[in-house]
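# Per-entry structural report
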Amino acid sequence: MRNNQEKNREFVVVTYLFLAVFLGMIAYFAYFQFAKSEAFINSPYNARQDAFAKRIQRGDIVSAQGDVLATTEVGADGKETRSYPYGRMFAHAVGYSTNGKTGVESIDNFQLLRSHAFFLEKLLQDLQEKKNIGDTVVTTLDTAVQKAAFDALGSRQGAVVALQPSTGKILAMVSKPDFDPNTIAAEWESITAEGNTSSVLLNRATQGMYPPGSTFKIFTLLEYMQEHKDYEKYRYQCTGSIEAEGNVIHCFENNIHGEEDLTAALANSCNASFASIGLSLDLDRFAKQNRSLLFSNSLPCEFPYKESSYVLKNGAAPGQVMQTAIGQGETLVTPYHMALVMSAIANKGVLMSPYITDRVTNHDGVTVSSREPEEYGRLLKAKQAGVLKQYLQEVVAQGTARALSGQAYTAGGKTGSAEYTDEKQSHAWFVGYAKKEKRKGIAVSVIVEGAGSGSTYAVPVAKAVFDAYYKD
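What counts and how
Residues numbered from 1 in each chain as written. Predicted model: local features only at pLDDT ≥ 70, side-chain atom pairs only at ≥ 80, totals over all residues. Heavy atoms only, no water. Patch = residues over 30% accessible without salt bridge, like charges linked within 9 Å, V, L, I, M, F, W, Y side chains within 5 Å. Areas by Shrake-Rupley, 256 points an atom, 1.4 Å probe, with all protein chains shown as cover. Salt bridge = Lys/Arg side-chain N within 4 Å of Asp/Glu carboxyl O. Helix = DSSP H or I, 4+ residues; strand = E, 2+ residues; numbered from the N terminus. Buried < 20%, exposed > 50% of the residue type's maximum accessible area, 1.4 Å probe, protein only. Disulfide = S-S within 2.5 Å. Pairing = 2+ DSSP bridges. Axes fitted to C-alpha atoms, helices over the stretch in contact; angles between N-to-C directions. Contact = heavy atoms within 4.5 Å. Parallel < 35°, antiparallel > 145°, perpendicular 65-115°, else oblique. Left-handed = near helix turned anticlockwise from the far one by under 90°. Nonpolar A, V, L, I, M, F, W, Y, C, P; charged D, E, K, R; others polar.

The subject of this paragraph is a nonpolar patch on the surface. On the surface, Tyr-16, Leu-19, Phe-22, Leu-23 and Ile-26 cluster together into a nonpolar patch covering about 530 Å² of accessible area. With respect to the element layout, Leu-23 can be found in helix α1 (residues 2–41). By relative accessible area, which is 49% here, Leu-23 ends up partly exposed.

Moving on, we get to unusual backbone geometry. Most peptide bonds take the trans form, and the phi angle of most residues other than glycine is negative. For the bond from Lys-176 to Pro-177, the omega torsion is 10°, close enough to zero to count as cis. Note that Pro-177 resides in the loop between β8 (170–176) and α8 (184–191). Positive phi, normally seen in glycine, also occurs at Asn-254, with a value near 60°. If you trace the backbone, Asn-254 turns up in the loop between β11 (247–250) and β12 (258–260). With phi around 50°, Ser-296 is a residue other than glycine that occupies positive phi space. Along the chain, Ser-296 falls in the loop between α13 (283–292) and α14 (318–325). The class of Ser-296 is partly exposed, set by a relative accessible area of 36%.

Defined simply, a disulfide is a covalent bond joining two cysteines at their sulfur atoms. Following the criterion strictly, the structure yields 0 disulfides and no others. Free of any disulfide, Cys-251 has its nearest neighbouring cysteine sulfur in Cys-238, separated by 3.6 Å.

The next subject is the sheet that holds β8. Here 5 strands make up an open sheet; going across it, the order is β8-β7-β19-β18-β17 and the pairing antiparallel. Only two strands of the sheet have a single partner each, and these edge strands are β8 and β17 (410–419). Here the average twist between neighbouring strands, direction ignored, is 5°. Both β17 and strand β18 (residues 426–436) contribute to a ladder of 10 bridges, which runs antiparallel. Bridging across to β18, Ala-418 finds its partner in His-427. Here helix α7 (residues 143–153) sits on the sheet in contact with β7 (158–163), β8 and β19 (439–448), set at roughly 25° to β8. Here helix α18 (residues 459–469) sits on the sheet in contact with β7, β8, β17, β18 and β19, set at roughly 155° to β19.

Right, let's talk about the packing of helix α10 (residues 217–227) against helix α16 (residues 382–398) for a bit. In contact at an axis separation of 11 Å, α10 and α16 are set at 130° when each is read in the N-to-C sense. Of the possible angle classes, the one that applies to α10 and α16 is oblique. Both α10 and α16 take part in a crossing whose hand is right-handed. Every residue of α16 that contacts α10 at Ile-218, Leu-221, Leu-222, Met-225 and Gln-226 is listed here: Gln-384, Val-387, Leu-388, Tyr-391 and Leu-392. The class makeup of the residues in the contact of α10 with α16 is 8 nonpolar, 2 polar and no charged.

Next comes the structure, spelled out in structure tokens:
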């Protein structure tokens, strides 16, 4: 009798175990089918997407204003050609769809190869063995802002990124040198040929690694504020240079700034003052702060990107500390990363998740899906962001970014001249934001490679972007 009970018990246990496994499999199948299947199909590594092109005509990509940025033209012989009406202007943001896919063409490949046309229209097309028209991807890109950034950068190499701090919308993304997506298939071999150093396919906005120059003084200032509650009492006598253990840091063009508080030190972009501040900091705390501000960390980004690099830690030599504090040394950043930080500062310390796809519609304009702004996380306290904004606005009011003062909008930001060769050649930087009453704000990051002074070459690019965004 006891043996039978034990056998029955074992049978029940095994039965329930198999039932649990079966129910788990059913639950996972349902979860995958309804929650994860679309994301899996939308993976750029999924070859199944290419099969959709046999029955779907690739949909359009349009700007926030409805301007067509990419479309499929069908010839009399039925041959499909992907066309980019704005040519080079949106090259890295919109991307291309031949010889692989990049930009929005890659990010939203699945959406472009789906059709939510009216079902009777789809049925008729199927009966006639014709392709249905794919859905339209409506981006967050602002045509006027993109054009302003593209034109202002001109023939110089560099990058511009513009975000809407309160939403995370990517308004503009320009990288130069660029390419024409209309002719990239024909030029592919020459572009990718061994020995070709043009790097036109590199999206410098998210993948270009640069020393931050004086824009990094924002981070040095923030750490000093956190370590010194009486930071407003800071005073420094600038004599044009500072020396520590044989290492000398000079101010730009050996300018002597005299006595400075923090406002003046940042407005003047005083190297001596910030090198002195760097020597006073707890370097482990400094490193922790910068990790929280996304250095040596993953970034919220739908595009391929590189992580910014920060290596300074306790025990570093004084020369390395001073160089790092003023944005030289081994620190490297991407323009996109700096745009994220400025966006958070402009938005009371909160970074909104950046995105470039606002919604998807069918080819008749009926909305299929849309994206709502969402918080990525708090990068700094609201009070800290507020104080930094005051300092950055003084850089515009009385410092190296004065070209942005007296406008219909209020701007704040920081210039930079980042040396990258022994011959003292410099990249020109500007990172900042602008705001206007009853209008959403904008954050921008600009780098002009090898140009020199940020105030001379990067600030005018930022001004063109701000002017286009706030043009009535």
